[in-house]
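# Summary of structural features
Residues per chain are reported as follows:
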Amino acid sequence: MKKHILLGAAVLMGLTANATHFEAPSSAEPVNPDSTGFKFTDVKILPTTPVKDQNKSGTCWAFSGISTLEDDLLRRGKGELDLSEMFVVRNAYIDKAKKYIRTNGQINFAQGGSFYDVLEMTRRYGAMPEEAYNGLNYGEKKHSHYEMAAALKAYLDAVMANGQRTNKLTTAWLPGFVGILDAYLGKLPETFTYKGKTYTPQSFAKEMGVEPENFEIFTSYTHHPFYENFALEIPDNWLWSECMNVPMEDMLAITDNALDKGYTVFWAADVSEGGFKWANGYAVNPEEKTEKDMSDAEVARWTKLSDKDREKEKFEIKGPVKEKNVTQEMRQNSFDNYETTDDHGMVIVGYATDQEGNKYYKVKNSWDTNQLYDGYFYVSVPYFLEKTLNIGVRKEAVPSAIAKKLKK
């Protein structure tokens, strides 16, 4: 995670970053749309379930992954379901704990995760409605996971240290871990009632039509062959799950084809860039300013600025700007040099244009609705191309010409 988070708005002062997730920012005074300099026109927006609030938790991956599954149910005429994110989070914590102990602590044990975690936990354990398991068992009205996450990690480290010392794990370690989850998230019911019918998590997922097996995740990096799977080397990939690697133009084409055919798209991306303006409702990727683009007077002023002031001025955006011409090499360098980091999971629900005709993706976030566009924001194509870690879509949303190239 970058140590210099250039988010540029006071609304994000309390934001906490760990790999694959950002905490929801605290509320702030609403921004006047006219003050941002952008005029967005929605071109195509897909049906999606309401914006939720991860609040003070690093569970964006669960919120965005569950939203993608909910949207798929909407698209298939299954109705609007409110699925439990904390059911997925709980199961992921237990499986992650087992792997953490088995690997002597050599995997990342933190709040973060990925879309694959949602797919795999749903495949293994089923699903539950939010009303049956909301994960709020600790005196809070909204999610707040600092204490729980710290307690879980400390507990596992103590278990591991004792096991390494005695060459034996006690039979109590896993029930003790589950007990911490029970205390914070609540005990998991074996069965529950939904609309007058009793279900198990597995029977509920089956009857509701949740289909995690029908999704695929794509990325785009040159350190592995294209059209083959590989495990993306990011800290929160504790499952060692694999993405299909495609050229960035294909990743863009998959996203566009999915939206055109009515599928929302899971989106994991770096949101710690200076051009990411959550409060103002947009994310852009400005081109670097060079002296050849300036007048003599501008050059004279520019050369006297400190590096900090030059960086700040670069992101003083007052409307549509000239953006980078992103290349595959640029994507790779940004990833290899820790410039593109594994920050946040969201959902692309459509696309729009600005007043100059530039294309943007409309993105649903999980930071509540107290923001300029009620929890949505607009992402430019250059930002998407450079700062996307991976996307997740229904398999049938992949263009046939690309699907034929994929090596399973």
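What counts and what doesn't
- Residues numbered from 1 in each chain as written.
- Predicted model: local features only at pLDDT ≥ 70, side-chain atom pairs only at ≥ 80, totals over all residues.
- Heavy atoms only, no water.
- Helix = DSSP H or I, 4+ residues; strand = E, 2+ residues; numbered from the N terminus.
- Buried < 20%, exposed > 50% of the residue type's maximum accessible area, 1.4 Å probe, protein only.
- Contact = heavy atoms within 4.5 Å.
- Areas by Shrake-Rupley, 256 points an atom, 1.4 Å probe, with all protein chains shown as cover.
- Phe/Tyr/Trp six-rings, centres within 6.5 Å; stacked < 30°, edge-to-face > 60°.
- Lys NZ or Arg CZ within 6 Å of the ring centre and 35° of its normal.
- Axes fitted to C-alpha atoms, helices over the stretch in contact; angles between N-to-C directions.
- Parallel < 35°, antiparallel > 145°, perpendicular 65-115°, else oblique.
- Left-handed = near helix turned anticlockwise from the far one by under 90°.
- Nonpolar A, V, L, I, M, F, W, Y, C, P; charged D, E, K, R; others polar.
- Pairing = 2+ DSSP bridges.
- Core = buried A, V, L, I, M, F, W, Y, C linked by side-chain atoms within 4.5 Å.
- Salt bridge = Lys/Arg side-chain N within 4 Å of Asp/Glu carboxyl O.
- Polar contact = N/O pair within 3.5 Å; in protein donor to acceptor, adjacent residues only side chain to side chain.

### Brief notes about the overall build of the protein
Scanning the protein from terminus to terminus reveals 12 helices and 15 strands. For the protein, with 408 residues in total, the buried portion stands at 56%. A sequence separation of at least 24 residues applies to 77% of the contacts in the protein between residues at least 6 apart. Looking at the protein as shown, the accessible area adds up to about 18100 Å², and 50% of this sits on carbon and sulfur atoms.

### Quick look at the packing of aromatic side chains
What the rule picks out here adds up to 25 aromatic pairs. Between the aromatic rings of Phe38 and Tyr360, the centroid separation amounts to 6.4 Å while the plane-to-plane angle is 85 degrees, which identifies the pairing as edge-to-face. Taken together, the positions of Phe38 in the loop between strand E2 (21–22) and strand E3 (41–45) and Tyr360 in strand E13 (residues 359–364) put the pair 322 residues apart, joining distant regions of the chain. For Phe38, a relative accessible area of 2% corresponds to the buried category. Ring pairs connect the aromatic residues Phe38, Phe40, Tyr282, Tyr360, Tyr373 and Tyr378, which therefore count as one cluster. The ring of Phe109 is capped by Lys96, whose NZ or CZ atom sits 5.9 Å from the centre of that ring. The side chain of Arg394 reaches across the aromatic face of Phe215, ending 5.7 Å from its centre.

### Examining the packing of helix H2 (residues 85–102) against helix H4 (residues 146–166)
Running from amino to carboxyl end, H2 crosses H4 at an angle of 30 degrees, the nearest separation of the two axes being 10 Å. As judged from the angle between their axes, H2 and H4 are roughly parallel. Judged by the twist between their axes, the crossing of H2 over H4 is right-handed. In contact with Tyr93, Ala97, Tyr100 and Ile101 of H2, H4 contributes Met148, Ala149, Leu152, Lys153, Leu156, Asp157, Val159 and Met160. In the contact of H2 with H4, the residues fall into 10 nonpolar, no polar and 2 charged.

### Quick notes on unusual backbone geometry
Apart from glycine, the bulk of residues carry a negative phi angle, and the bulk of peptide bonds sit in the trans form. Here the phi dihedral of Asn55 falls at roughly 50 degrees; this positive angle occurs in a residue that is not glycine. As for its position among the elements, Asn55 is in the loop between E3 and helix H1 (60–75). For Asn55, a relative accessible area of 17% puts it in the buried group. Despite not being glycine, Trp240 has its phi angle at roughly 55 degrees, a positive value. One can find Trp240 in the loop between strand E7 (228–231) and strand E8 (242–245).

### Describing the pairing of E8
Across 2 bridges, the pairing between strand E6 (residues 215–219) and E8 is parallel. Residue pairing in the sheet places Thr219 in a bridge with Asn245 of E8. Examined bridge by bridge, E7 and E8 share 4 bridges and lie antiparallel to one another. Each bridged residue has a counterpart across the sheet, and for Asn229 the counterpart in E8 is Met244.

### Regarding the nonpolar core
In this structure, Tyr93, Phe177 and Phe204 are the most contacted members of the largest nonpolar core, which totals 60 residues. The greatest single-element share of this core, amounting to 10 residues, is contributed by H2. Ignoring sequence-local partners within four residues, the contact set of Phe204 consists of Leu81, Leu83, Ala127, Met128, Pro129, Phe192, Tyr194 and Tyr199. Counting residues in hydrophobic clusters, the runner-up holds 38 residues, among them Phe218, Trp267, Phe384 and Val393.

### Topic: the pattern of salt bridges
Proximity of charged atoms lets side chains of opposite charge pair with each other. For the structure on display, the rule yields 23 salt bridges. Close ionic contact of Asp157 with Lys153 constitutes a salt bridge, the shortest N to O distance being 2.8 Å. Of this pair, Asp157 and Lys153 are both found in helix H4, 4 residues apart, which corresponds to roughly one turn of the helix. The class for Asp157 is partly exposed, based on a relative accessible area of 25%. You can call Lys153 partly exposed: its relative accessible area is 29%. Note that Glu386 and Lys324 form a salt bridge whose closest N and O atoms lie 3.4 Å from each other. Taken as a pair, Glu386 in helix H11 (residues 381–387) and Lys324 in the loop between helix H9 (307–314) and helix H10 (328–336) lie far apart in primary sequence, 62 residues in all. Overall, the relative accessible area of 2% leaves Glu386 in the buried class. Linked through salt bridges whose partners overlap, the residues forming this network are Asp72, Arg75, Arg76, Glu211, Arg394 and Glu396.

### Concerning the environment of Val349
On the secondary structure map, Val349 appears in strand E12 (residues 344–353). With 302 residues separating them in the primary sequence, Val349 and Pro47 have C-alpha atoms 7.6 Å apart. Look past the residues within four positions of Val349 in its chain and what remains in contact with it is Lys44, Ile45, Leu46, Thr48, Leu259, Thr264, Lys362, Lys364 and Tyr376.

### Concerning the side chain of Thr36
Locating Thr36 in the fold gives a position in the loop between E2 and E3. Since its relative accessible area comes to 2%, Thr36 is described here as buried. From its side chain, Thr36 meets the backbone nitrogen of Phe38 in a polar contact 3.2 Å long. With residues up to four places along the chain from it excluded, the contact list for Thr36 reads Val31, Asn280, Tyr282, Ile317, Lys318, Gly319 and Leu372.

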